[in-house]
Amino acid sequence: MTYQPVIPTTGLSGWKFLERTLAVQKNTHANSVTIQRDTDYFKEHIGKIDTAEQLVSDRRLLRIALGAFGLSDDIDSKFLVQKVLEEGTLNPSSLANKLSDSRYSEFAKAFGFGDFDTPRTKLSDFHHEIVQKYQSQTFEVAVGEQDDDMRLALNFSRGLPEIASSTSGNDTKWFQIMGTTALRAVFETALGLPSDFGSLDIDKQLETFKEKTERSFGTSNLKDLSDGASVNKIVETFLLRAQIKNQPVSQAGTIALSLLQSSRIY
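Residues numbered from 1 in each chain as written. Predicted model: local features only at pLDDT ≥ 70, side-chain atom pairs only at ≥ 80, totals over all residues. Heavy atoms only, no water.

Draft legend 1. Just the overall build of the protein, in detail. On a plain count of helices and strands, the protein comes out with 15 helices and zero strands. The C-alpha radius of gyration computed for the protein amounts to 20 Å, which stays within 12% of the reference 18 Å derived for 266 residues, consistent with globular compactness. Principal-axis analysis of the C-alpha atoms gives the protein an extent of 60 × 45 × 30 Å. For the protein, the residues scored as buried account for 47% of the 266 residues in total. On the protein, roughly 13,100 Å² of surface is accessible, and the fraction owed to carbon and sulfur atoms is 51%. The average position of the 30 basic charges and that of the 35 acidic charges among the side chains of the protein differ by 3 Å. (Helix = DSSP H or I, 4+ residues; strand = E, 2+ residues; numbered from the N terminus. Rg over C-alpha atoms; globule rule 2.2 N^0.38 Å. Buried < 20%, exposed > 50% of the residue type's maximum accessible area, 1.4 Å probe, protein only. Areas by Shrake-Rupley, 256 points an atom, 1.4 Å probe, with all protein chains shown as cover. Lys, Arg positive; Asp, Glu negative; His and termini not counted. Charge placed at Lys NZ, Arg CZ, Asp CG, Glu CD.)

Draft legend 2. Just the pattern of salt bridges, in detail. All chains considered together, the criterion is met by 13 salt bridges. Arg103 serves as the salt-bridge partner of Asp101, at 2.6 Å between the closest nitrogen and oxygen. By relative accessible area, which is 25% here, Arg103 ends up partly exposed. Here Arg184 ties to Glu188 by a salt bridge, and the two come within 2.8 Å at their closest N and O atoms. With Arg184 and Glu188 both in helix H11 (residues 181-190), this residue pair falls four residues apart, about one helical turn. When its relative accessible area of 14% is taken as the criterion, Arg184 is described as buried. Three or more residues joined by partner-sharing salt bridges are found here, namely Glu140, Arg158 and Glu162. (Salt bridge = Lys/Arg side-chain N within 4 Å of Asp/Glu carboxyl O.)

Draft legend 3. Looking closely at the packing of helix H1 (residues 11-30) against helix H8 (residues 126-144). As a packed pair, H1 and H8 sit with axes 10 Å apart at the nearest point and diverge in direction by 115°. Crossing hand, H1 versus H8: right-handed. Between H1 and H8, the contacting residues are Leu18, Leu22, Gln25, Lys26, His29 and Ala30 on the first element and Gln135, Ser136, Thr138, Phe139 and Val143 on the second. Along the lines of polarity and charge, the residues of the contact of H1 with H8 split into five nonpolar, five polar and one charged. (Axes fitted to C-alpha atoms, helices over the stretch in contact; angles between N-to-C directions. Left-handed = near helix turned anticlockwise from the far one by under 90°. Contact = heavy atoms within 4.5 Å. Nonpolar A, V, L, I, M, F, W, Y, C, P; charged D, E, K, R; others polar.)

Draft legend 4. Highlighting the packing of aromatic side chains. Under the definition given, this model contains nine aromatic pairs. Residues Phe111 and Phe126 carry aromatic rings whose centres are separated by 5.0 Å and whose planes lie at 75° to one another, so their mutual orientation is edge-to-face. Here Phe126 lies in helix H8 and Phe111 lies in helix H7 (residues 103-111), a separation of 15 residues in the sequence. The same class applies to Phe111 as to Phe126, namely buried. An aromatic cluster is present here, built from Phe69, Phe107, Phe111, Phe113 and Phe126 joined pairwise through their rings. (Phe/Tyr/Trp six-rings, centres within 6.5 Å; stacked < 30°, edge-to-face > 60°.)

Draft legend 5. Examining the environment of Lys212 more closely. Turning to its location among the elements, Lys212 is positioned in helix H12 (residues 202-217). Separated by 20 residues in sequence, Lys212 and Gly192 have C-alpha atoms that sit 9.1 Å apart. In this structure Lys212 touches Leu191 and Leu193, once residues within four positions along its chain are discounted.

Draft legend 6. Spotlight on the packing of H1 against helix H9 (residues 148-164). Their axes nearest at 11 Å, the elements H1 and H9 cross at an angle of 50°. Classified by the interaxial angle, the pair formed by H1 and H9 is oblique. Remark: the crossing between H1 and H9 carries right-handed chirality. In this structure, H1 contributes Gly11, Gly14, Trp15, Leu18 and Leu22 to the contact, and H9 contributes Met150, Ala153, Leu154 and Ser157. By residue class, the composition of the contact of H1 with H9 is six nonpolar, three polar and no charged. (Parallel < 35°, antiparallel > 145°, perpendicular 65-115°, else oblique.)

This is the structure we're talking about:
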(Lines give C-alpha, C1' and ligand atoms only; values in the text may rest on other atoms or scores of the structure.)
Protein backbone atom coordinates (compact mmCIF):
# COMPACT_ATOMS: atom_id res chain seq x y z
CA MET A 1 0.00 0.00 0.00
CA THR A 2 1.03 3.64 -0.51
CA TYR A 3 1.77 5.85 2.50
CA GLN A 4 -0.78 8.58 3.21
CA PRO A 5 0.91 11.80 4.44
CA VAL A 6 -0.19 13.16 7.79
CA ILE A 7 -1.56 16.73 7.58
CA PRO A 8 -3.53 17.48 10.75
CA THR A 9 -4.87 20.87 9.69
CA THR A 10 -5.04 23.26 6.76
CA GLY A 11 -3.29 26.54 6.04
CA LEU A 12 -0.12 27.86 7.60
CA SER A 13 -0.32 25.73 10.75
CA GLY A 14 -0.66 22.59 8.63
CA TRP A 15 2.31 23.69 6.55
CA LYS A 16 4.47 24.21 9.65
CA PHE A 17 3.65 20.67 10.80
CA LEU A 18 4.46 19.27 7.36
CA GLU A 19 7.78 21.13 7.31
CA ARG A 20 8.78 19.74 10.71
CA THR A 21 7.94 16.17 9.75
CA LEU A 22 8.85 16.32 6.05
CA ALA A 23 12.03 14.22 6.14
CA VAL A 24 10.39 11.41 8.12
CA GLN A 25 7.21 11.44 6.05
CA LYS A 26 9.04 11.44 2.72
CA ASN A 27 11.23 8.56 3.85
CA THR A 28 8.20 6.56 4.98
CA HIS A 29 6.50 7.25 1.64
CA ALA A 30 9.60 6.21 -0.34
CA ASN A 31 9.77 2.92 1.57
CA SER A 32 6.09 2.06 1.20
CA VAL A 33 5.35 -1.16 -0.65
CA THR A 34 3.90 0.43 -3.80
CA ILE A 35 6.64 3.01 -4.31
CA GLN A 36 9.39 0.51 -3.49
CA ARG A 37 7.98 -1.94 -6.02
CA ASP A 38 7.88 0.76 -8.71
CA THR A 39 11.39 2.04 -8.08
CA ASP A 40 12.88 -1.46 -7.91
CA TYR A 41 11.36 -2.22 -11.31
CA PHE A 42 12.76 1.00 -12.76
CA LYS A 43 16.25 0.34 -11.40
CA GLU A 44 16.25 -3.18 -12.82
CA HIS A 45 15.01 -2.37 -16.34
CA ILE A 46 15.85 1.22 -17.34
CA GLY A 47 19.46 0.37 -18.21
CA LYS A 48 18.19 -1.95 -20.95
CA ILE A 49 16.38 0.88 -22.74
CA ASP A 50 18.15 2.19 -25.86
CA THR A 51 15.43 4.20 -27.61
CA ALA A 52 12.43 6.40 -26.86
CA GLU A 53 10.22 3.84 -28.62
CA GLN A 54 11.35 1.14 -26.19
CA LEU A 55 10.57 3.38 -23.23
CA VAL A 56 7.03 4.27 -24.33
CA SER A 57 6.38 0.60 -25.12
CA ASP A 58 6.94 -0.36 -21.46
CA ARG A 59 3.96 1.25 -19.76
CA ARG A 60 5.31 0.62 -16.27
CA LEU A 61 8.67 2.25 -17.01
CA LEU A 62 6.92 5.10 -18.82
CA ARG A 63 4.61 5.70 -15.86
CA ILE A 64 7.59 6.10 -13.54
CA ALA A 65 9.53 8.22 -16.05
CA LEU A 66 6.63 10.61 -16.60
CA GLY A 67 5.72 10.61 -12.93
CA ALA A 68 9.20 11.81 -12.05
CA PHE A 69 8.49 15.04 -13.93
CA GLY A 70 4.86 15.50 -12.92
CA LEU A 71 3.64 14.40 -16.37
CA SER A 72 1.66 11.32 -15.35
CA ASP A 73 -1.47 12.56 -17.11
CA ASP A 74 0.30 12.05 -20.46
CA ILE A 75 0.71 8.29 -19.98
CA ASP A 76 -1.67 7.60 -22.91
CA SER A 77 -0.14 10.24 -25.20
CA LYS A 78 2.57 7.90 -26.45
CA PHE A 79 3.07 9.61 -29.80
CA LEU A 80 3.61 13.00 -28.14
CA VAL A 81 5.94 11.59 -25.49
CA GLN A 82 8.01 9.65 -28.02
CA LYS A 83 8.34 12.69 -30.28
CA VAL A 84 9.42 14.89 -27.35
CA LEU A 85 12.06 12.36 -26.36
CA GLU A 86 13.35 11.66 -29.87
CA GLU A 87 13.74 15.32 -30.84
CA GLY A 88 15.57 16.17 -27.62
CA THR A 89 16.37 19.73 -26.57
CA LEU A 90 19.52 20.81 -28.42
CA ASN A 91 17.57 22.01 -31.47
CA PRO A 92 15.64 25.21 -30.62
CA SER A 93 12.81 24.09 -32.92
CA SER A 94 12.36 20.70 -31.21
CA LEU A 95 8.91 19.94 -29.82
CA ALA A 96 10.10 20.03 -26.22
CA ASN A 97 11.36 23.59 -26.70
CA LYS A 98 8.15 24.69 -28.41
CA LEU A 99 5.81 23.48 -25.66
CA SER A 100 4.99 26.13 -23.06
CA ASP A 101 5.31 23.64 -20.19
CA SER A 102 9.02 23.50 -19.31
CA ARG A 103 8.61 20.06 -17.73
CA TYR A 104 8.74 18.49 -21.21
CA SER A 105 12.17 19.93 -21.97
CA GLU A 106 13.41 18.81 -18.54
CA PHE A 107 12.04 15.34 -19.27
CA ALA A 108 13.65 15.14 -22.72
CA LYS A 109 16.96 16.50 -21.46
CA ALA A 110 17.07 14.03 -18.56
CA PHE A 111 16.75 10.97 -20.83
CA GLY A 112 18.91 12.33 -23.65
CA PHE A 113 17.51 10.17 -26.47
CA GLY A 114 17.52 13.02 -28.97
CA ASP A 115 20.62 14.82 -27.71
CA PHE A 116 23.29 12.12 -27.50
CA ASP A 117 24.38 9.07 -29.46
CA THR A 118 24.08 7.09 -26.23
CA PRO A 119 21.07 7.98 -24.05
CA ARG A 120 21.51 8.80 -20.40
CA THR A 121 19.63 5.60 -19.50
CA LYS A 122 22.99 3.88 -19.92
CA LEU A 123 24.65 5.87 -17.15
CA SER A 124 25.28 3.79 -14.04
CA ASP A 125 23.68 6.34 -11.69
CA PHE A 126 20.84 7.45 -13.98
CA HIS A 127 18.21 5.41 -12.17
CA HIS A 128 19.05 7.13 -8.87
CA GLU A 129 18.34 10.54 -10.40
CA ILE A 130 14.92 9.55 -11.76
CA VAL A 131 13.94 7.52 -8.69
CA GLN A 132 14.57 10.49 -6.41
CA LYS A 133 12.42 12.71 -8.63
CA TYR A 134 9.70 10.07 -8.74
CA GLN A 135 9.67 9.71 -4.95
CA SER A 136 9.39 13.49 -4.50
CA GLN A 137 6.69 13.88 -7.12
CA THR A 138 4.56 11.00 -5.89
CA PHE A 139 4.84 12.30 -2.32
CA GLU A 140 3.58 15.69 -3.51
CA VAL A 141 0.71 13.99 -5.32
CA ALA A 142 -0.19 12.10 -2.13
CA VAL A 143 -0.12 15.38 -0.19
CA GLY A 144 -2.31 17.01 -2.84
CA GLU A 145 -4.96 14.33 -2.45
CA GLN A 146 -5.46 15.69 1.06
CA ASP A 147 -4.70 19.38 0.55
CA ASP A 148 -3.85 20.79 -2.87
CA ASP A 149 -2.47 24.04 -1.44
CA MET A 150 0.11 21.98 0.46
CA ARG A 151 1.04 20.21 -2.77
CA LEU A 152 1.55 23.54 -4.51
CA ALA A 153 3.67 24.79 -1.60
CA LEU A 154 5.88 21.68 -1.71
CA ASN A 155 6.21 21.91 -5.47
CA PHE A 156 7.17 25.58 -5.25
CA SER A 157 9.75 24.96 -2.52
CA ARG A 158 11.44 22.40 -4.76
CA GLY A 159 10.80 23.92 -8.18
CA LEU A 160 11.74 27.57 -7.73
CA PRO A 161 15.35 26.89 -6.67
CA GLU A 162 15.74 24.42 -9.55
CA ILE A 163 14.76 27.04 -12.14
CA ALA A 164 16.65 29.83 -10.39
CA SER A 165 19.89 27.84 -10.43
CA SER A 166 19.99 27.61 -14.23
CA THR A 167 22.32 29.80 -16.29
CA SER A 168 19.43 31.35 -18.22
CA GLY A 169 18.63 35.04 -17.97
CA ASN A 170 16.15 36.27 -15.36
CA ASP A 171 13.36 36.90 -17.90
CA THR A 172 13.82 33.41 -19.37
CA LYS A 173 13.46 31.94 -15.89
CA TRP A 174 10.29 33.95 -15.36
CA PHE A 175 8.87 32.60 -18.62
CA GLN A 176 9.66 29.08 -17.35
CA ILE A 177 7.71 29.79 -14.18
CA MET A 178 4.84 31.32 -16.14
CA GLY A 179 4.70 28.12 -18.20
CA THR A 180 4.73 25.80 -15.19
CA THR A 181 1.19 25.60 -13.82
CA ALA A 182 2.01 24.86 -10.16
CA LEU A 183 4.72 27.52 -9.79
CA ARG A 184 2.62 30.10 -11.58
CA ALA A 185 -0.36 29.38 -9.32
CA VAL A 186 1.68 30.06 -6.18
CA PHE A 187 2.99 33.36 -7.51
CA GLU A 188 -0.43 34.47 -8.76
CA THR A 189 -2.05 33.80 -5.40
CA ALA A 190 0.81 35.23 -3.33
CA LEU A 191 0.75 38.43 -5.40
CA GLY A 192 -3.05 38.71 -5.33
CA LEU A 193 -3.42 38.62 -9.11
CA PRO A 194 -6.94 38.29 -10.58
CA SER A 195 -8.24 35.06 -12.10
CA ASP A 196 -8.24 36.50 -15.65
CA PHE A 197 -4.62 37.65 -15.42
CA GLY A 198 -3.50 34.91 -17.79
CA SER A 199 -5.49 36.45 -20.65
CA LEU A 200 -3.14 39.46 -20.82
CA ASP A 201 -0.37 39.79 -23.39
CA ILE A 202 2.54 37.57 -22.33
CA ASP A 203 5.00 40.47 -22.08
CA LYS A 204 2.53 42.40 -19.94
CA GLN A 205 2.21 39.37 -17.68
CA LEU A 206 5.98 39.24 -17.28
CA GLU A 207 6.14 42.94 -16.48
CA THR A 208 3.36 42.59 -13.87
CA PHE A 209 4.92 39.53 -12.23
CA LYS A 210 8.24 41.31 -11.86
CA GLU A 211 6.77 44.62 -10.64
CA LYS A 212 4.52 43.01 -8.03
CA THR A 213 7.21 40.59 -6.85
CA GLU A 214 9.64 43.48 -6.44
CA ARG A 215 7.05 45.40 -4.42
CA SER A 216 6.02 42.45 -2.25
CA PHE A 217 9.29 40.60 -1.73
CA GLY A 218 11.97 43.21 -2.35
CA THR A 219 13.34 41.85 -5.64
CA SER A 220 12.23 40.23 -8.88
CA ASN A 221 15.57 38.50 -9.39
CA LEU A 222 14.71 34.82 -9.13
CA LYS A 223 18.20 33.85 -8.05
CA ASP A 224 17.83 36.15 -5.03
CA LEU A 225 14.36 34.76 -4.32
CA SER A 226 15.53 31.14 -4.31
CA ASP A 227 17.16 31.12 -0.85
CA GLY A 228 15.33 29.33 1.94
CA ALA A 229 14.07 32.46 3.71
CA SER A 230 12.65 34.03 0.54
CA VAL A 231 11.01 30.82 -0.65
CA ASN A 232 9.42 30.35 2.76
CA LYS A 233 8.13 33.94 2.77
CA ILE A 234 6.47 33.47 -0.63
CA VAL A 235 4.99 30.11 0.41
CA GLU A 236 3.58 31.51 3.66
CA THR A 237 2.05 34.45 1.79
CA PHE A 238 0.53 32.05 -0.73
CA LEU A 239 -0.99 29.88 2.01
CA LEU A 240 -2.41 32.83 3.92
CA ARG A 241 -3.96 34.35 0.79
CA ALA A 242 -5.34 30.94 -0.20
CA GLN A 243 -6.95 30.70 3.24
CA ILE A 244 -8.60 34.07 2.74
CA LYS A 245 -10.25 32.77 -0.43
CA ASN A 246 -11.55 29.66 1.30
CA GLN A 247 -12.67 31.05 4.66
CA PRO A 248 -15.87 32.84 5.74
CA VAL A 249 -15.65 36.63 5.72
CA SER A 250 -15.14 36.90 9.49
CA GLN A 251 -12.19 34.51 9.53
CA ALA A 252 -10.77 35.88 6.29
CA GLY A 253 -10.44 39.28 7.97
CA THR A 254 -8.32 37.79 10.73
CA ILE A 255 -6.03 36.08 8.23
CA ALA A 256 -5.69 39.29 6.20
CA LEU A 257 -4.70 41.14 9.36
CA SER A 258 -1.98 38.58 10.07
CA LEU A 259 -0.64 39.15 6.54
CA LEU A 260 -0.41 42.89 7.14
CA GLN A 261 1.11 42.56 10.61
CA SER A 262 3.84 40.22 9.36
CA SER A 263 4.69 42.70 6.56
CA ARG A 264 4.34 40.05 3.90
CA ILE A 265 2.47 42.40 1.64
CA TYR A 266 3.00 46.11 1.18
